[in-house]
Amino acid sequence: MVYEGTLAPMTWADAGYLLPEIILVGMMAVLIVLDLVMPKRIDRSVIGWLTLVAIIGSAASVVLRIGYRNIGEHQQPDVNGILHDSYRVDDFSLMFKMLLLLSAALIVLWSLGSMKRSASARLTHQAEYYYLLLPAVAGAMIMTSTADLITLYAGLELLSIATYVLVGLRARHAAAEGGEGVLSAKPAEAAFKYVVTGGISSALILFGMSYLYGLTGSTHISMIGGLLPESVDSFRTLLYVAFFFLLAGFGIKIAAAPFHAWAPDVYEGAPTPISAFLAVISKTAAAAVLLRLFYNIVFPAGYGDSVLSRDLFRGVLAVAACAMLAGTLSALRQRNMKRLLALSGVVNAGYLLVPVGLSFYGVHSNNTAELFFYAAVYLFMNIGAFAVLSAVSESASPAAEGVGDLKAFEGLYHRAPWTAGAMLVFILSLAGLPVSGGFFGKLFIMLGASSTHAYWIVAVMAATSVISYYVYFGIIRQMFMRSSGESEVHVPAATGVVIWICAVCTLVLGVAPNLLLHGFDEVFNLVGDLLIIRNV
Amino acid sequence: MTIDWPILSLIVFSPLLGAAVLLAMPKQRARMLRWTAIAATLLPLALSVWLYADYDPNRPGDAYEEKAEWINIPLEKSATGIEGTFELHFDYALSLDGLSLPLVLLTTVTAAMAALASTTIRKRWKSYYIWLLILECGMLGVFLARDLLLFFIFFEMTMIPMVFLIGIWGLLDRERAATRFLLYNGLGSALMLIAFVILIMTAGFSLEDAGGVFNYSYSGSYETILSNLADPQAYANMAAPGSVNPLYLSDGMRTALFVMLLIAFGIKLPVFPFHTWMLDVHREAPAPVVMIHSGILLKMGAYGLIRFGIFAFPEEADRFRAVLAVLGVISLLYGAVIAFRHKELRLVLAYSSLSHMGIVLLGLASLNEIGMQGAVFQLVSHGLISALMFLLIGSIYERTGTTNIDELGGLAKAAPFLSGALLIGGLASLGLPGLSGFVGELLALLGLFDTNKTVVSIAVIGIILTAVYVLRAVMATTFGPLKPKLEGITDARFTEALPTAVLLAFVLLLGIYPSFITELMKHSFDSLLNHLNTRVGG
């Protein structure tokens, strides 16, 4: 169906399907007004709690929708796409929305803990901080739902613009405080860098999209997928250009090498929860979008032309391998914890891209489950590690040197044994050692790669894991094998709750991955949920 | 006798139970912690002794089997046309055979003795014992697991505690030693993981007819993979001309897998070019940890090589016979020569381990019953001897503050018990008849003599060299005039004398009555040998 100047109006039923997003954006509007009218003396953490309520409400509506679609008499999914099928409300998007909302809830809860400790004086824009998270999450959710390049771009920009502000929040605060020196310059630098690279990324994506539109005359991804085979022969080069530009644009968003250079700087300068937000939510959303794009456009286009499909999927795998290698190798000499976690995020971006790049082969079509499971594990281990980092660096005495340094973890075992234990779980999981979700997630991807005979990517994954042991055990060495004169670490209650939820989930996903994967299999159905079948 | 309670799981997880109890105890109560930990190692020891008494090698199949569904993941099939189920599953599967049992016994004995000998540990007892018990659980699991994923998890479970044990309680250069240990073993594990992943997705495939509907599954079950590899009708062995069989394992692929496993387990064993990490561990780790490391962990390498390398790929092993023999003889000679040059007792023993593991490889290279039995016997024997030697060296170091041969001497006068035990241990190590070391060497070389006489004759030079370096080290330590600096040192305490006596008793027992172990292995290699023989015959 090509748009012929008649755009269907949004109906109430459509609004029902959009409820999760509407809750978030609506709450943001309410909170902006509330922040304006609320007297200054009232603690802005109220807004934080309301943000959390909105996220939980949105998550509840997602869960209800999943239940409605899959349990009971309505087992047949009722509606997959709305608004001319440009917006998908299928199980693929719903499951990924669950992950995004869960991450957002954990990040808000942890922010509530860490802001309480650092007192409102340290962050003058608390209210903005909280309510800007809402459109960012909504943007990410729109991305997972998109079936149309225009919608996709709208979601992407909503996420990006909100995060540009969030990254820079502390800069204004530091300036307001009259802070100076290297530390206070970093947030400004981070924000600026993020805006510029983010802009470039959007430009690349738009450029790639424009070629796709030019070749097919449609912005709907399944239409593009259906029409592309006609133009493959005559416009092969243009197709390659379109896809590699798209890949580069999303490569920046997901911080995969060689497009990752911004990540360490931005993560270092941003408030720690925002670093985690970028690491988890931006990456997951971008990976989900890439999966949907590639399997709806490249896969059908490659049916008649295996060379094209092979090249493009291999391109994704090449970026994945690059990310794993570059991330691990540059982490070897890294002493700053936030930069280290940023580089670990680059490596994980590589892992997330592997299922996208594997394509279908033989009887292997399990890519979505692989991506979903790893994204779930990544959420827990990464937010957990960032939360521990923030608890540790916040309780360091201001006089101590190198607050964000690896040294801050010195003797953590003696200063906070349980937190050190939780961190051990996250590190083992990041390093891919059993028994942890990270191990099984990696194994699951490796098994998938192996069944498509992509043995080389299995080897890259295994090799980079080993190199990363050196990096991660450097942290363990500081925590368990050194002693430190630093005082005890006090972990705020809310942060503690986040850390323990993450640690327990990381372990449980490692011991009993079938809990999550069974659920996913019950709900998700490749044909119809990811692959969009339309009668053209 | 049949049992209806899961004895294998009890053996594997009883140390963890102890660790859980320790976790709940206050950390200042050193004595209480110590005795709880020792009790926690005695439990699996008692159970494994019972198992030994109950085990009957003539019973067909694996005598004890425990199996439970563990991870069962449905795979996406809506686009594949598969009507039945399509799953990836890993079982919790433990089993015991004549190859596992001697090593399980070795583990429980050595671990209990190491726990007893841990009085030399002077700090952070609580976490020390907890790591030690987790380590024991991992080692026992390695020898009993019959699922590739489960095996791998147990294998990794030994690595993490070791890093902590070396890095926290080791000597001066402990952190570097821990890092090197981690990286080398990590490399080995990575290779193993790649090989396992490929095996699961090819030979692990099975198709089950459930009344007209076919159930597809990939599995990590050792049994399934082994039978698929051996079965010419299995998908893994069918090259479908004209069409693509994604499950097919070509000859080149099989060879690659075998080589990967050989390197993976060779690093652990260790084999000659991959041995450097082990030196650091021997030099820097605390004595009880080296007892376990040298006594058990190195044996996991050989065990893995037999179980996953040779049993799964008999033809490739047959083709690599000469390679194994050459690697073995290089390790044997190289280890012996370097051990002769070193003045540091710990390093002498480290190279001695390398040298003795060479004999294991020689036994494996024979691929016949005597040689294989010799290799396993050598594993157990060397495990006991090196545990004994490191126990004694730990005691000596505690008293004298050095393990350098030049600074030691005449210990026999001041500490006759320690010195006597050291001498017997040394004699066992050089292969004196009547002690356990002799039997292993004899059987291994006897086995190899059938197939490769050249290598055996070179290996004999290594045996002579062994006598030379062992005697040099032991004599220089115990005989001669007592160094003035060493006057006033005391003989063994009870916590040292008891494990010494127990280990010595086993060394003697095995030397005098080798069937104590060889009897267990009577039918362990039957299927391997049958496979090789029928192939040669047909």
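Residues numbered from 1 in each chain as written. Chains lettered and ligands numbered in written order. Predicted model: local features only at pLDDT ≥ 70, side-chain atom pairs only at ≥ 80, totals over all residues. Heavy atoms only, no water.

A. Focus on the overall build of chain B. Scanning chain B for helices and strands turns up 21 helices and 4 strands. A compact globule built from 538 residues would reach a C-alpha radius of gyration of about 24 Å, and chain B, at 23 Å, matches this within 12%. Along the three orthogonal principal directions, the C-alpha set of chain B runs to about 85 × 60 × 45 Å. Out of the 538 residues in chain B, the part that is buried amounts to 63%. (Helix = DSSP H or I, 4+ residues; strand = E, 2+ residues; numbered from the N terminus. Rg over C-alpha atoms; globule rule 2.2 N^0.38 Å. Buried < 20%, exposed > 50% of the residue type's maximum accessible area, 1.4 Å probe, protein only.)

B. Structural view of the overall build of chain A. The number of helices and strands found in chain A is 21 helices and 2 strands. For chain A, the residues scored as buried account for 65% of the 536 residues in total. Pairs at least 24 apart in sequence give 81% of the contacts found in chain A among residues at least 6 apart. As displayed, chain A offers around 18,600 Å² of accessible surface, 66% of which is attributable to carbon and sulfur atoms. (Contact = heavy atoms within 4.5 Å. Areas by Shrake-Rupley, 256 points an atom, 1.4 Å probe, with all protein chains shown as cover.)

C. Structural view of the pairing of strand E4 (residues 213-219) of chain B. All names here are of chain B. Of the strand pairs in this sheet, strand E2 (residues 86-96) and E4 are connected by 4 bridges, and their pairing is parallel. Bridged to Leu88 within E4 is Tyr218. Pairing of strand E3 (residues 205-210) with E4, which is carried by 6 bridges, proceeds in the antiparallel orientation. Bridge pairing in E4 links Ala210 to Val213. Counting the residues between successive antiparallel strands, the hairpin from E3 to E4 contains 2 residues, one of them, Gly211, with a positive phi of roughly 65°. (Pairing = 2+ DSSP bridges.)

D. Summary view of the packing of aromatic side chains. Following the criterion strictly, the structure yields 51 aromatic pairs over all chains and no others. A ring pair is formed by A:Tyr295 and A:Phe313, whose centres lie 5.5 Å apart and whose planes are at 45°; its orientation type is tilted. Residue A:Tyr295 is found in helix H11 (residues 272-301), and its partner A:Phe313 is found in helix H12 (residues 306-331); the two are separated by 18 residues along the sequence. Of the two residues, A:Tyr295 and A:Phe313, neither departs from the other in class, the shared state being buried. Ring pairs connect the aromatic residues B:Phe151, B:Phe155, B:Phe196, B:Tyr222, B:Phe265 and B:Phe308, which therefore count as one cluster. Across from the ring centre of B:Tyr397, 5.7 Å away, lies the NZ or CZ of B:Arg346, which sits over that ring. A cation over an aromatic ring shows up here: B:Arg472 above the ring of B:Phe340, its NZ or CZ 5.3 Å from the ring centre. (Phe/Tyr/Trp six-rings, centres within 6.5 Å; stacked < 30°, edge-to-face > 60°. Lys NZ or Arg CZ within 6 Å of the ring centre and 35° of its normal.)

E. View of the sheet that holds strand E1 (residues 64-74) of chain B. Residue and element names in this part refer to chain B. Read from one edge to the other, the open sheet built from 4 strands follows the order E1-E2-E4-E3, with strand pairing classed as mixed. Only two strands of the sheet have a single neighbouring strand rather than two, namely E1 and E3. Each neighbouring strand pair of the sheet contributes to a mean axis angle of 35°, computed without reference to strand direction. (Axes fitted to C-alpha atoms, helices over the stretch in contact; angles between N-to-C directions.)

F. Quick peek at the confidence of the model for chain B. Looking at chain B as a whole, its pLDDT mean stands at 88, while 97% of the residues score no less than 70. For this predicted complex, the interface confidence reaches an ipTM of 0.91, while the overall pTM sits at 0.93. (pLDDT = per-residue confidence, 0-100.)

G. Region of the structure containing the environment of B:Asn72. All names here are of chain B. Here Asn72 is to be found in strand E1. Overall, Asn72 belongs to the buried group, its relative accessible area being 10%. Residues Asn72 and Leu430, spaced 358 residues apart in sequence, show a C-alpha to C-alpha distance of 50 Å.

H. Structural context of the packing of H11(A) against H12(A). Residue and element names in this part refer to chain A. The geometry of H11 relative to H12 is characterised by a closest axis approach of 8 Å and an angle of 145° between their N-to-C directions. Contact with H11, carried on its side by Phe294, Tyr295, Val298, Phe299 and Ala301, involves Leu308, Ser309, Leu312, Phe313 and Val316 of H12 and no other residues of that element. Looking at the contact of H11 with H12 residue by residue, the classes come out as 9 nonpolar, 1 polar and no charged. (Nonpolar A, V, L, I, M, F, W, Y, C, P; charged D, E, K, R; others polar.)

I. Highlighting the interface of chain B and chain A. Every contact between the two is made by 45 residues of chain B and, on the other side, 43 residues of chain A. Counting across the interface, chain B meets chain A through 2 salt bridges. The partner of A:Arg482 in a salt bridge is B:Glu175, with the nearest N and O atoms 2.5 Å apart. On inspection of chain B and its partner chain A, the count reaches 10 residue pairs in polar contact (both at pLDDT 80 or more). Those elements that place two or more of their residues in the side of chain B that touches chain A are E1, E2, helix H4 (125-144), helix H5 (148-169) and helix H6 (174-202) of chain B. (Salt bridge = Lys/Arg side-chain N within 4 Å of Asp/Glu carboxyl O. Polar contact = N/O pair within 3.5 Å; in protein donor to acceptor, adjacent residues only side chain to side chain.)

J. Highlighting the environment of B:Ile464. Assignment of secondary structure puts B:Ile464 in helix H18 (residues 453-478). For the pair B:Ile464 and B:Gly409, spaced 55 residues apart in sequence, the C-alpha to C-alpha distance is 24 Å.

K. Structural context of the side chain of B:Thr400. Residue and element names in this part refer to chain B. Looking at the secondary structure, you find Thr400 in helix H14 (residues 369-400). Owing to a relative accessible area of 17%, Thr400 belongs among the buried residues under this scheme. Polar side-chain contacts of Thr400 include one of 3.0 Å to the backbone oxygen of Thr402. Those residues within four positions of Thr400 in sequence are excluded, and the remaining contacts are Leu408, Leu486 and Ile489.

L. Seen up close, the side chain of B:Thr477. Looking at where B:Thr477 falls in the secondary structure, it is placed in helix H18. Sequence-distant contacts of B:Thr477, defined by excluding residues within four places in its chain, comprise B:Leu345, B:Ile396, B:Leu408, B:Gly409, B:Gly410, B:Leu411 and B:Leu422.

M. A look at helix H18 (residues 455-481) of chain A. Here H18(A) spans 37 Å end to end across 27 residues, near enough to the 39 Å set by a 1.5 Å rise per residue. Within H18(A), 21 of the 27 residues are buried, leaving the element largely enclosed by the surrounding structure. (Expected span 1.5 Å × (residues − 1).)

N. Broad picture of empty space enclosed by the protein. All told, the structure shown has 14 cavities of 30 Å³ or more when counted by the stated rule. In this model, the largest cavity occupies a volume close to 160 Å³. In terms of lining, the largest cavity is formed by 18 residues, of which the most central are B:Leu349, B:Ser352, B:Met389, B:Ser429 and B:Val470. For the lining of the largest cavity, the element with the most residues is helix H13 (residues 345-366) of chain B, which contributes 6 residues. Looking at the lining of the largest cavity, its residues break down into 11 nonpolar, 7 polar and no charged. In this structure, the second largest cavity encloses a volume near 130 Å³. What lines the second largest cavity is a set of 17 residues, among which A:Gly432, A:Ser465, A:Tyr469, B:Phe152 and B:Leu193 lie closest to the centre. (1 Å grid on protein atoms, 1.4 Å probe; cavity = no way out; pocket = protein on both sides within 12 Å on 5 of 7 lines; lining within 4 Å. Points joined across faces, edges and corners; volume = space filled by probe spheres on them.)

O. Representation of the pattern of salt bridges within the structure. The full count for this structure, using the stated rule, is 28 salt bridges over all chains. For the salt bridge of A:Lys193 with A:Asp265, the shortest nitrogen-to-oxygen distance reads 2.5 Å. One end of the pair, A:Lys193, is in helix H7 (residues 181-216); the other, A:Asp265, is in helix H10 (residues 262-269), and 72 residues separate them in sequence. For A:Lys193, a relative accessible area of 29% puts it in the partly exposed group. Judged by its relative accessible area of 17%, A:Asp265 is buried. B:Arg399 is the partner of B:Glu496 in a salt bridge, and the nearest nitrogen-oxygen pair spans 2.8 Å. With B:Glu496 in helix H19 (residues 494-512) and B:Arg399 in helix H14, the pair connects residues that are 97 residues apart, well separated along the chain. The class of B:Arg399 is buried, set by a relative accessible area of 17%. One connected set of salt bridges, linked through shared partners, spans B:Asp173, B:Arg176, B:Arg180, B:Asp280, B:Arg283 and B:Glu284.

P. Layout of the layout of surface pockets. Estimated volume of the largest pocket: approximately 1,500 Å³. What lines the largest pocket is a set of 42 residues, and nearest its centre among them are A:Leu424, B:Leu23, B:Ile130, B:Trp131 and B:Ile134. Sorting the residues of the lining of the largest pocket by element identifies helix H16 (417-431) and helix H19 (493-511) of chain A together with helix H1 (7-23), H4 and H5 of chain B as the ones contributing at least two each. Looking at the lining of the largest pocket, the element that brings in the most residues is H5(B), giving 8 residues. Considering only residue class, the lining of the largest pocket consists of 36 nonpolar, 3 polar and 3 charged.

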